[in-house]
Amino acid sequence: MFTRKMKIVLLLFVLFCLADNANATPRWRILDSGAIEWQIDGRLPHYDHIEMSGLKVSAVLRYGVNGDGQFVMERSMIWPMLRTIPNNTHASLMQRFAIDYASLLLVNGMALNNEKVKSICIDGRLTVVSLFAIGYQNTGTARNREPVPVVELTRSFFPSTDKPMLCERYTVKNISSKPISVIVPFQKAVYKTDPVKGVDGSYTIVTSIQNKEDCLYTIAPKESLTFDASVQAYKKGEKELIVDIADEEHKRMAFVDKIWNNLSFVSPDPVVNTAFAFAKVRAAESIFATGGGFMHSPGGESYYAAVWANVQAEYSNPFFPFLGYDIGNASALNSCRLFARVMKSDYKPIPSSIIAEGKDTWNGAGDRGDAAMIAYGAARYALAKADKKEAQELWPLIEWCLEYCKRKINASGIVTSDADELEGRFPAGNANLCTSSLYYDALVSASYLAKELGKQSSVSKEYARQAKVLKNNINNYFGSRIEGFDSYRYYEGNDILRSWIAIPLTVGIFEKKTGTVEALFSPRLWSKDGLLTQAGTDTFWDRSTLYALRGVYSAGARERAMEHMAYYSQQRLLGEHVPYPIEAWPEGNQRHLSAESALYCRIVTEGIFGIRPTGFNSFSLCPQLPDKWNSMRLNNVSAFAFSPFDIIVERQGNKMSDIISQLLFFTRLTHGTEIIQKEQISLSSLVQGICEEQKGLSQKNICLISDIQEDIYVGTDRILLERCLNNLLSNAYKYGRENGHV
């Protein structure tokens, strides 16, 4: 039983976690540019890793600063379309390099030494600024001489947006009072891989300094020199690329700027704003131009040129229409086409993954509820993308997946499966909460989509009816008192709290919301790393934390959600492993898998703003403006037929105002999709309410006098009339005289 004593313990636990986080000095800080920076202090050594991707390459940079203040890095290179044998899920060409180009430079005829890293910055690039001395050490009179910095070296690392190449830029600045000479050597190493291990035989890997013919430079004080380097790979029939690295940097930063500006989140919390911006980049960059089309893939030195029912269909695809990134949308549509290609008329389980650039499949964990995942994601994507032709193409896949799930319903009205997305790592029984919840949401979406596609009304009504029945079955079958909380068991026989009890909240099933929220944030599940997968373990997967935060917002517990969202965002963006959400621990060593970043973004779109697609031209909106915020904005939303538009939420007195910006209104007018929704409303009540609201906003001691006749009704569009009246009164206050009256 959940007692008052347990509530006190829970509160103390949460306060302890949040206070502990507040007292810690973050290693990283946010710059005005939107980048994050680590100014090196005494907390050394420190090491981290980050993944960056382009259409033809991915790189995991393992970097850090050792106890002597020196920069260290290993490049783990992945070329997803250079396939190895056996050509399975993990068959991308991967090699690691630890080349130190700085050590090859000669300054005044001597090697650089005594490096001290000043700062490391992340903004779509990894940029390192260090000071170096030159000269003899530990010999003669130099033994007692403090090394004097002569050179400031800036190193930047980033992937090419469209070439199989990691790019590097080096800028040598003379910080001494005299000119210095610098020799940049010609350096090139060529590696040939084992032809027996490559699908296309031997692959060629080239590491090189991309310098001009002249290698000797004289640099005046305060002047600088820039040279470039790269790591690239290619197969037989291709050749080494000679490119302009400066141009590659420009294209990389143009991509980052585009993603940062699309779907821009503006709130009073700079950490959440910035974490959202970074998450968009990671979600969007991990798309590869494979032989099977654009494929959004998780990454993590394991998962490339392939798509999964949970990772792409369920996690990422519903997000891409909001972002307005054409390649992201193309990858979402392509993943659905790949799954549609392997549908069977006898309704055998659909594979969990399409691998090897679309040439093979993987179904090693059996049925994980994959059909429910695909139907959920495909239907939400189709509604938000609002492209009727695409939706018509996806409809057979959605129908097939829904029918498959229907055939898997047991006597209790719940969908059965062999496992769940954790593939047996933790028990899931033969019918789990995730699969049925996703199937429920897919039915709801399908009922909306059927209307948009002009299907017979009976189709939409039947899906809606099935959803209603399933919702009751979910509450009856899974609803349970677990460890004192009135929440859900994850499967029949489950008596230990699981983090996935959050998933009903994300699909609008709120009957157990109070107990579920309490359970999620109890000491049994919540830890310094987010949610534990199962109470009593030390294993955590960020995806369940990300689902939980979205669900808690959706359930209306915005203050509880905001506390934990702020804590989580601070840890992931500015803590010890930055700047993205991660996969799991201990498995995978907290890899920066891309779909987790998409899930973080959906906390904002679906949780904080409460957007739920209901048609090509419609969505429900239930914003959760935290009590300490007076406003928040979601700019350049690209979903739905009338995009782009902005959503502005403002606090007006004790109320909250939801404003779909004028851009939305005028865009609808331009496209001829703005429909006046006439209804009979009480004009008297509407005007009275607006007057009361505006009185509370007066800042110039202006007196509002109202004389409103009762029982006046009018047939009009309520939203447009309310907007008009609010504008009239707000302008009267804005331009009226101080101490005047309206």
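Residues numbered from 1 in each chain as written. Predicted model: local features only at pLDDT ≥ 70, side-chain atom pairs only at ≥ 80, totals over all residues. Heavy atoms only, no water.

1. A short note on the overall build of the chain
- Per the secondary structure count, the chain includes 18 helices and 35 strands.
- Judged by the C-alpha coordinates and their principal axes, the chain covers about 95 × 75 × 60 Å.
- For the chain, buried positions account for 58% of its 742 residues.
- Within the structure as shown, the chain displays about 30,600 Å² of accessible surface, and the carbon and sulfur contribution to it stands at 51%.
- Across the chain, 81 positive and 80 negative side-chain charges occur, with their mean positions spaced 1 Å apart. (Helix = DSSP H or I, 4+ residues; strand = E, 2+ residues; numbered from the N terminus. Buried < 20%, exposed > 50% of the residue type's maximum accessible area, 1.4 Å probe, protein only. Areas by Shrake-Rupley, 256 points an atom, 1.4 Å probe, with all protein chains shown as cover. Lys, Arg positive; Asp, Glu negative; His and termini not counted. Charge placed at Lys NZ, Arg CZ, Asp CG, Glu CD.)

2. Brief notes about the confidence of the model for the chain
- On average, residues of the chain score 91 in pLDDT, and 90% of them reach the 70 mark or higher.
- This model gives residues 666-673 a pLDDT under 50, and the stretch forms nine contacts once residues within four places in sequence are excluded. (pLDDT = per-residue confidence, 0-100. Contact = heavy atoms within 4.5 Å.)

3. Concerning the sheet that holds strand β6 (residues 92-97)
- Read from one edge to the other, the open sheet built from four strands follows the order β3-β4-β5-β6, with strand pairing classed as antiparallel. Looking at the sheet topology across the chains shown, the edges are occupied by β3 (46-53) and β6. Strand after strand, the sheet turns through a mean of 15 degrees between neighbouring axes, direction not considered.
- Where strand β4 (residues 58-65) and strand β5 (residues 71-83) come together, eight bridges link them in antiparallel fashion. Directly across from Val65, in β5, lies its bridge partner Phe71. (Pairing = 2+ DSSP bridges. Axes fitted to C-alpha atoms, helices over the stretch in contact; angles between N-to-C directions.)

4. Topic: the sheet that holds strand β20 (residues 307-308)
- The three strands are arranged β20-β21-β22 in an open sheet whose pairing can be described as antiparallel. Bordering the open sheet on either side are β20 and β22 (360-362), each of which pairs with just one other strand.
- As paired elements, strand β21 (residues 353-355) and β22 share three bridges and run antiparallel to each other. Residue pairing for β22: Ile354 is matched across the bridge by Thr361.

5. Some thoughts on the packing of helix α4 (residues 309-316) against helix α7 (residues 370-385)
- Across the interface, α4 lies against α7 with an axial gap of 7 Å and an inter-helix angle of 30 degrees. One element, α4, and the other, α7, form an angle in the roughly parallel class. Our pair here, α4 against α7, has a crossing hand that is left-handed. Facing α4, whose interface residues are Ala309, Asn310, Ala313 and Glu314, α7 presents Asp370, Met373, Ile374, Tyr376 and Gly377.
- Of the residues assigned to the contact of α4 with α7, the class counts are five nonpolar, two polar and two charged. (Parallel < 35°, antiparallel > 145°, perpendicular 65-115°, else oblique. Left-handed = near helix turned anticlockwise from the far one by under 90°. Nonpolar A, V, L, I, M, F, W, Y, C, P; charged D, E, K, R; others polar.)

6. A few points about the packing of helix α13 (residues 542-554) against helix α14 (residues 558-574)
- Closest axis-to-axis distance for the α13/α14 pair is 8 Å, and the angle between their directions is 150 degrees. For the element pair α13 / α14, the angle class is roughly antiparallel. The hand of the α13/α14 crossing is left-handed. Note on element contacts: α14 touches α13 through Arg558, Ala561, Met562, His564, Met565, Tyr568 and Arg572, opposite Asp542, Thr545, Leu546, Leu549, Val552 and Tyr553.

7. A closer look at a nonpolar patch on the surface
- Together, Leu106, Ile183 and Leu216 make up an exposed nonpolar region whose accessible area comes to about 240 Å².
- Following the sequence through the fold, Leu106 ends up in strand β7 (residues 106-107). (Patch = residues over 30% accessible without salt bridge, like charges linked within 9 Å, V, L, I, M, F, W, Y side chains within 5 Å. Salt bridge = Lys/Arg side-chain N within 4 Å of Asp/Glu carboxyl O.)

8. Notes on the packing of aromatic side chains
- Within this structure, the stated rule accounts for 32 aromatic pairs.
- Between Phe288 and Tyr304 the ring centres are 5.6 Å apart and the planes differ by 70 degrees, which places this aromatic pair in the edge-to-face class. Placement of Phe288 in strand β18 (residues 287-290) and of Tyr304 in the loop between β19 (293-296) and β20 is noted, with a sequence separation of 16 residues between them. In this pair, the class of Phe288 matches that of Tyr304, namely buried.
- Where Trp395 meets Tyr463, the ring centres are 6.2 Å apart and the plane angle is 70 degrees; that geometry is what we call edge-to-face. Residue Trp395 is located in helix α8 (residues 388-407), and its partner Tyr463 is located in helix α10 (residues 457-478); the two are separated by 68 residues in the primary sequence.
- Each residue in the set Phe71, Tyr101, Phe157, Tyr170 and Phe227 is aromatic and connected to the rest through ring pairs, giving one cluster.
- The aromatic ring of Tyr477 is capped on one face by Arg489, whose charged end is 4.9 Å from the ring centroid. (Phe/Tyr/Trp six-rings, centres within 6.5 Å; stacked < 30°, edge-to-face > 60°. Lys NZ or Arg CZ within 6 Å of the ring centre and 35° of its normal.)

9. Description of the side chain of Ser156
- Residue placement: Ser156 occurs in strand β10 (residues 151-159).
- Not counting the four nearest positions on each side in its chain, Ser156 is found in contact with Leu126, Thr127, Cys167, Glu168 and Arg169.

10. Section: the environment of Cys622
- Checked against the element boundaries, Cys622 lands in the loop between β30 (618-621) and β31 (631-637).
- Accessibility expressed as a relative area gives 43% for Cys622, which makes it partly exposed.
- Leave out the neighbours within four places in its chain, and Cys622 touches Ile608, Phe609 and Gly610.

11. Some points on unusual backbone geometry
- In this model, Leu44 is joined to Pro45 through a cis peptide bond whose omega is 0 degrees.
- Examined against the element boundaries, Pro45 turns out to sit in the loop between β2 (36-39) and β3.
- Residue Pro644 is reached from Ser643 by a cis peptide bond, and omega for that bond is 0 degrees.
- Inspection of the secondary structure assignment puts Pro644 in the loop between β31 and β32 (645-652).

12. Focus: the nonpolar core
- Tyr63, Trp79, Ile120, Phe265, Met565, Tyr600 and Phe609 are the most contacted members of the largest nonpolar core, which totals 200 residues.
- Ranked by the residues each element gives to this core, the list is headed by α7, at 12 residues.
- Residues within four places of Trp79 in sequence aside, it is in contact with Lys56, Val57, Ser92, Leu93, Phe97, Pro164, Met165, Ile205, Val231, Gln232 and Ala233.
- In this structure, Ile681, Leu686, Cys691 and Leu721 belong to the second largest nonpolar core, which totals 10 residues. (Core = buried A, V, L, I, M, F, W, Y, C linked by side-chain atoms within 4.5 Å.)

13. Overview of the pattern of salt bridges
- Tallied over the entire structure, the rule returns 48 salt bridges.
- Between Asp162 and Lys163 there is a salt bridge, with its nearest N and O atoms 3.1 Å apart.
- Residue class for Lys163 comes out buried when judged on its relative accessible area of 18%.
- Among the ionic pairs, Arg407 bridges to Glu403, the shortest N-O distance being 2.9 Å. One end of the pair, Arg407, and the other, Glu403, are both in helix α8, four residues apart, so they sit about a helical turn from each other.
- With relative accessibility at 26%, the residue Glu403 sits in the partly exposed group.

14. Overview of the pairing of strand β24 (residues 485-488)
- Alignment of strand β23 (residues 479-482) against β24, held across four bridges, turns out to be antiparallel. Of the residues in β24, the one forming a bridge with Ser480 is Ser487.
- Where β23 folds back on β24, the antiparallel hairpin that results is connected by two residues, among which Glu483 adopts a positive phi of roughly 50 degrees.

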